[in-house]
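Here is how the chains run, residue by residue.
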Amino acid sequence: MTQYHIQQFIIQALQEDLGRGDLYALIAQDREAKAYVLAKEEGVFSGFVYLEALAKHFDIKILESHKDGECFKKGTKLCVLSGSHIALLQMERVLLNILAHSSGIATLTYAYSSKISNLPIKLLDTRKTRPLLRELEKYSVVNGGGSNHRFGLDSMLMLKDTHLAHITDLRGIISTTRDRVPFMCPIEVECESLESAINAMGAGADVVMCDNMSIDEIEKVVAYRNEYAKHTKLEASGNINLENIVEYAQSGVDAISVGSLIHQAKWLDLSLKIHPC
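Residues numbered from 1 in each chain as written. Predicted model: local features only at pLDDT ≥ 70, side-chain atom pairs only at ≥ 80, totals over all residues. Heavy atoms only, no water.

**Thoughts on unusual backbone geometry**
Threshold: Numbering goes from the N terminus for both helices and strands, where a helix is a DSSP run of H or I of at least four residues and a strand is a run of E of at least two.
A positive phi is found at D59, a non-glycine position, where the angle reads about 60°. Position of D59 relative to the elements: it lies in the loop between α3 (48–58) and β3 (61–65).

See below:
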């Protein structure tokens with residue numbers, strides 16, 4: 001995520017909201033004002049880089065603000081702003097939408113990550129993101145204590161069941177792939193059984209995803225990996241939630257991927273309050 005991408009995202013979001021122009025700006029006399037974002041529930045703050053970009057765009061000063069990853073309680077002033085009253089109104093909805101969505105993802109991710117924080121394992125997101133919001137949503141996961149899986153199809157090669165249905169020679173495909181993708185590009189294979197996991201390790205997969213396997217079966221995969229394929233990383237995925245994540249994390253895998261970090265996160269209840277200077 002670069003400053004350029006953030007700025008372009010902000011411009012597009014404002015174009016969507018402002019359209020041909022703010023009608024209130026045609027009738028109002030501008031003045032200096034102060035504003036703050038009020039948290040109506042507790043959570044984990046996320047979205048500071050977007051707040052900075054919006055403030056810069058409108059020449060608004062950030063007098064104080066929570067930083068990404070900071071926990072907050074209900075009633076907290078998450079940031080305090082000053083500048084043009086009209087500009088504050090024009091940035092209000094875009095700012096609140098971003099902070100509410102981003103902080104919601106960070107808050108849910110933190111609920112997951114805090115359960116396994118004492119274990120040597122990575123909590124990963126997935127590509128189950130809203131179209132054109134992947135950068136924002138994956139950034140939010142990191143702010144909640146998670147890590148990012150591949151960003152897109154160009155980040156790593158993952159052979160899922162829909163690929164494997166048309167592959168008859170997995171070892172040959174992986175061997176050919178090594179000559180065609182970048183040197184450091186990992187290859188992951190999705191497996192649904194101990195047998196398929198053993199086959200993927202033997203074919204040379206860098207990462208084996210234990211997809212929708214029981215914990216008992218995952219432990220068998222881990223035992224085989226530890227004995228015969230120590231270089232292979234193991235990832236567990238599928239039907240993992242807040243109630244069972246610790247059991248999966250204790251199975252011996254290196255990472256757990258949870259799509260619901262993003263697609264099941266709810267927006268936090270935030271509001272903007274404005275008053276004259």
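What follows continues from the structure just given.
**Some details on the environment of G252**
In plain terms, the rule: The rule is simple: take the accessible area with a 1.4 Å probe, protein chains only, and divide by the maximum for that residue type; under 20% is buried, over 50% is exposed, in between is partly exposed. Throughout, a residue-residue contact means that at least one pair of heavy atoms, one from each residue, lies within 4.5 Å.
Looking at the element boundaries, G252 is found in the loop between α10 (245–249) and β11 (255–257). Exposure remark for G252: the relative accessible area of 32% places this residue in the partly exposed category. Sequence spacing of G252 and R225 is 27 residues, and the spatial spacing of their C-alpha atoms is 10 Å. Setting aside its immediate chain neighbours within four residues, G252 contacts V222 and R225.

**Some details on the side chain of S140**
Counting through the fold element by element, S140 comes out in helix α5 (residues 134–143). Judged by relative accessible area, which is 0%, S140 ranks as buried. Setting aside chain neighbours within four positions, we find S140 in contact with S46, S102, I105 and A106.

**Quick look at the UniProt feature "domain: Quinolinate phosphoribosyl transferase N-terminal" (unreviewed entry) in the chain**
Condition: UniProt positions are given in the numbering used here, feature names are shortened, and annotations may be inferred rather than shown by experiment.
As annotated by UniProt and renumbered to match this structure, "domain: Quinolinate phosphoribosyl transferase N-terminal" (unreviewed entry) occupies residues 24–103. Taken end to end, residues 24–103 comprises 42% helix and 31% strand; its first and last C-alpha atoms sit 29 Å apart.

**As for the sheet that holds β3**
Operational definition: Between any two strands, at least two bridges found by DSSP are needed for them to pair. All axes are obtained by fitting lines to C-alpha atoms, using only the stretch in contact for helices, and the reported angles, taken between N-to-C directions, cover 0 to 180 degrees.
Here we have 4 strands laid out as an open sheet, ordered β3-β5-β1-β12, and antiparallel in their pairing. Single-partner strands in this sheet number two, and they are β3 and β12 (270–276). Mean inter-strand twist for the sheet, computed between neighbouring axes without regard to direction, equals 20°. The sheet contact formed by strand β1 (residues 32–39) and strand β5 (residues 77–84) spans 7 bridges and is antiparallel. Paired with E32 across the strands is S84, a residue of β5. Where α3 meets the sheet, its contacts fall on β3 and β5, and the angle it forms with β3 comes to roughly 155°.

**Brief notes about the sheet that holds strand β6 (residues 122–124)**
The strand order β6-β11-β10-β9-β8-β7 describes an open sheet built from 6 strands, whose pairing is parallel. On the outer flanks of this sheet lie β6 and β7 (157–159), each paired with one strand and no other. When the angles between neighbouring strand axes are averaged without regard to direction, this sheet yields 25°. When strand β10 (residues 233–237) meets β11, the two strands line up parallel, connected through 3 bridges. Among the inter-strand pairings, S237 is bridged to a residue of β11, identified as S257. Contacting β8 (187–191) and β9 (207–211), helix α8 (residues 194–203) runs over the sheet at an angle of about 165° to β8.

**Structural notes on the UniProt feature "domain: Quinolinate phosphoribosyl transferase C-terminal" (unreviewed entry) in the chain**
Feature annotation in UniProt places "domain: Quinolinate phosphoribosyl transferase C-terminal" (unreviewed entry) on residues 105–273, given in this structure's numbering. The span residues 105–273 shows a helical share of 38% and a strand share of 17%, and its end C-alpha atoms are spaced 23 Å apart.

**Structural notes on the packing of aromatic side chains**
Each aromatic ring pair is summarised here by two numbers: the centre-to-centre distance and the angle between the ring planes. Note the cut-off: Two aromatic rings from Phe, Tyr or Trp, using only the six-membered ring of Trp, form a pair when their centres are within 6.5 Å; if the ring planes differ by under 30 degrees the pair is stacked, by over 60 it is edge-to-face, and anything between is tilted. The rule is short: NZ of Lys or CZ of Arg within 6 Å of the ring centre and within 35 degrees of the ring normal puts a charge over the ring.
Tallied over the entire structure, the rule returns 3 aromatic pairs. Where F9 meets Y50, the ring centres are 5.6 Å apart and the plane angle is 75°; that geometry is what we call edge-to-face. Of this pair, F9 sits in helix α1 (residues 3–18) while Y50 sits in helix α3, and the two are 41 residues apart along the sequence. The exposure class of Y50 is buried, given its relative accessible area of 2%. Their ring planes at 40° and their centres at 4.7 Å tell us that Y224 and Y228 sit as a pair that is tilted. Note that Y224 and Y228 are positioned in helix α9 (residues 215–228) at a spacing of 4 residues, about one turn of the helix. Given the relative accessible area of 59%, Y228 is considered exposed. Each member of the aromatic cluster is reached from another via a ring pair, and the members are F9, Y50 and Y139. We note K77 situated over the ring of Y36; from NZ or CZ to the ring centre the distance is 4.4 Å.

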